[in-house]
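# Architecture and fold: a report
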Amino acid sequence: MKVLCYSVRLQSLTSISDKCLVVTSYNGSEALIPKSQYFGQDYDVTKSEAYWISAWVLERVNLQYSSKKQGWFDKETRKLLPSYTFEKHIPAKIIDKNVKPDADLIR
């Protein structure tokens, strides 16, 4: 089963029990997150610490996050699945012009 996750930049992420994490965002808001909804650290972000947290739990807690960077994770293996984007190209219409050859160039 696939789970939609967002990469969330956090100030701190602390384990308080076998099943719960306390996360603190940069604006000072704190939330309790189940460990089953935490999918690991996002190593692509270099400016600060970012973690993959499921979108389902982020919608239900009062925590600052952005939905710009998202990924799909396999719930059983807890690994990032490849993502594909399909874009349909619609070419611009070309107006047909009546162009006559230059009389000086004709033999």
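Notes on the structure in this doc start here. (Residues numbered from 1 in each chain as written. Predicted model: local features only at pLDDT ≥ 70, side-chain atom pairs only at ≥ 80, totals over all residues. Heavy atoms only, no water.)

This structure, assessed with the given rule, holds 3 salt bridges. Here Lys 69 ties to Asp 42 by a salt bridge, and the two come within 2.8 Å at their closest N and O atoms. Here Lys 69, found in the loop between α1 (55–58) and β7 (70–74), pairs with Asp 42, found in the loop between β5 (38–41) and β6 (50–54); they are 27 residues apart in sequence, far enough to count as distant. Among the residues examined, Asp 42 registers a relative accessible area of 3% and is labelled buried. A salt bridge links Glu 59 to Arg 60; the shortest N-O distance between them is 3.8 Å. Residues Glu 59 and Arg 60 agree in their burial class; the two are exposed. (Salt bridge = Lys/Arg side-chain N within 4 Å of Asp/Glu carboxyl O. Helix = DSSP H or I, 4+ residues; strand = E, 2+ residues; numbered from the N terminus. Buried < 20%, exposed > 50% of the residue type's maximum accessible area, 1.4 Å probe, protein only.)

Turning next to the sheet that holds strand β2 (residues 12–15). Read across the sheet, 3 strands follow the order β2-β3-β4 without closing on themselves; strand pairing throughout is antiparallel. At either margin of the open sheet sits one strand with a lone partner, and together these are β2 and β4 (30–34). Between one strand axis and the next, the sheet turns through 25 degrees on average, direction left out of account. Inspection of the sheet shows β2 paired to strand β3 (residues 20–24) by 4 bridges, in the antiparallel sense. Note on β3: the bridge partner recorded for Leu 13 is Val 23. (Pairing = 2+ DSSP bridges. Axes fitted to C-alpha atoms, helices over the stretch in contact; angles between N-to-C directions.)

Let us now look at the layout of surface pockets. The calculated volume of the largest pocket comes to roughly 250 Å³. If you trace the largest pocket, you find it lined by Ser 7, Val 8, Arg 9, Ser 25, Tyr 26, Val 45, Ala 50, Gln 64, Tyr 65, Ser 66, Lys 68 and Lys 69. Looking at which element gives the most residues to the lining of the largest pocket, the answer is strand β1 (residues 2–9), with 3 residues. Looking at the lining of the largest pocket, its residues break down into 5 nonpolar, 4 polar and 3 charged. (1 Å grid on protein atoms, 1.4 Å probe; cavity = no way out; pocket = protein on both sides within 12 Å on 5 of 7 lines; lining within 4 Å. Points joined across faces, edges and corners; volume = space filled by probe spheres on them. Nonpolar A, V, L, I, M, F, W, Y, C, P; charged D, E, K, R; others polar.)

Before going further, it helps to spend a moment on the side chain of Ser 29. Turning to its location among the elements, Ser 29 is positioned in the loop between β3 and β4. A relative accessible area of 14% means that Ser 29 is categorised as buried. At 2.8 Å, the side chain of Ser 29 forms a polar contact with the side chain of Ser 25. (Polar contact = N/O pair within 3.5 Å; in protein donor to acceptor, adjacent residues only side chain to side chain.)

Keep in mind these numbers describe shape, not what the thing actually does.
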